[in-house]
Amino acid sequence: MNRRSMLKYDYMNAGERFADAFSLPKDMVVNATLIHMIGKSDVFVENFKGIISYTCHEVLIKGYGVKFCVCGEGLLIEHYCNDDMKISGQISEVRVIRET
């Protein structure tokens, strides 16, 4: 194991190491929220707990141990269900807010 991979291994929690060792998807093992951004106009969110707040300028999403803020102009939740959602508009940033 080289130095870079050793440092990466030190920062991984037990669930991430388990997923890595058995080549499993980390999002499923550690219950992570997935965010996929397509260009500057679409964000797809999977595996989240819920929506905290929603305006045309900001969508605040509750993940597992973290919050995400999608910021921009003319934001619209085009699709929403228990499994995923699609946010469209002029997206300027996606911020991660760690819960303490």
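That block above? That's the structure.
Residues numbered from 1 in each chain as written. Predicted model: local features only at pLDDT ≥ 70, side-chain atom pairs only at ≥ 80, totals over all residues. Heavy atoms only, no water.

Peer 1: Would you mind going over the overall build of the protein with me for this structure?
Peer 2: Across its full length, the protein carries 3 helices and 6 strands. N-terminal to C-terminal, the α/β element order of the protein is α-α-α-β-β-β-β-β-β. Every one of the 100 residues in the protein was classed for burial, and the buried ones make up 26%. By sequence separation, contacts in the protein at least 24 residues apart represent 37% of the contacts at least 6 residues apart. Put simply, the protein shows about 6800 Å² of open surface, and 53% of that area lies on carbon and sulfur atoms. (Helix = DSSP H or I, 4+ residues; strand = E, 2+ residues; numbered from the N terminus. Buried < 20%, exposed > 50% of the residue type's maximum accessible area, 1.4 Å probe, protein only. Contact = heavy atoms within 4.5 Å. Areas by Shrake-Rupley, 256 points an atom, 1.4 Å probe, with all protein chains shown as cover.)

Peer 1: Can you walk me through the environment of Val45 in this structure?
Peer 2: As for its placement among the helices and strands, Val45 is situated in strand E2 (residues 42–46). Taking the C-alpha atoms as reference points, Val45 and Ile35, 10 residues apart in sequence, are found 4.6 Å from one another. Excluding residues that lie within four positions of it along the chain, Val45 makes contacts with Thr33, Leu34, Ile35, Ile61, Asp83, Asp84 and Met85.

Peer 1: For this particular structure, what's the right way to read the sheet that holds strand E5 (residues 66–80)?
Peer 2: Sheet strands line up and pair through hydrogen bonds in the backbone, either parallel or antiparallel. In space, the 6 strands of this open sheet follow the order E1-E2-E6-E5-E4-E3, with antiparallel pairing throughout. Of all strands in the sheet, those bounded by a partner on one side alone are strand E1 (34–38) and strand E3 (50–54). On average, each strand axis in the sheet is tilted by 35° relative to the strand beside it, whichever way the strands run. (Pairing = 2+ DSSP bridges. Axes fitted to C-alpha atoms, helices over the stretch in contact; angles between N-to-C directions.)

Peer 1: Would you mind going over the pattern of salt bridges with me for this structure?
Peer 2: Side chains bearing opposite charge may pair, as long as their charged atoms lie close to each other. Under the criterion given, the structure shown has 2 salt bridges. Glu78 is the salt-bridge partner of Lys86, the closest N and O atoms lying 3.4 Å from each other. Here Glu93 and Arg95 are joined by a salt bridge, their closest N and O atoms 3.5 Å apart. Overall, Arg95 belongs to the partly exposed group, its relative accessible area being 33%. (Salt bridge = Lys/Arg side-chain N within 4 Å of Asp/Glu carboxyl O.)

Peer 1: Would you mind showing me how to read the layout of surface pockets here?
Peer 2: As a volume, the largest pocket reaches approximately 210 Å³. If you trace the largest pocket, you find 10 residues lining it, with Ala32, Tyr64, Gly65, Val66 and Arg98 closest to the centre. At the level of elements, E5 and strand E6 (84–98) are the ones that each hand at least two residues to the lining of the largest pocket. In terms of residue class, the lining of the largest pocket is built from 6 nonpolar, 3 polar and 1 charged. (1 Å grid on protein atoms, 1.4 Å probe; cavity = no way out; pocket = protein on both sides within 12 Å on 5 of 7 lines; lining within 4 Å. Points joined across faces, edges and corners; volume = space filled by probe spheres on them. Nonpolar A, V, L, I, M, F, W, Y, C, P; charged D, E, K, R; others polar.)

From the geometry alone we can't say anything about function, so treat these as descriptive.
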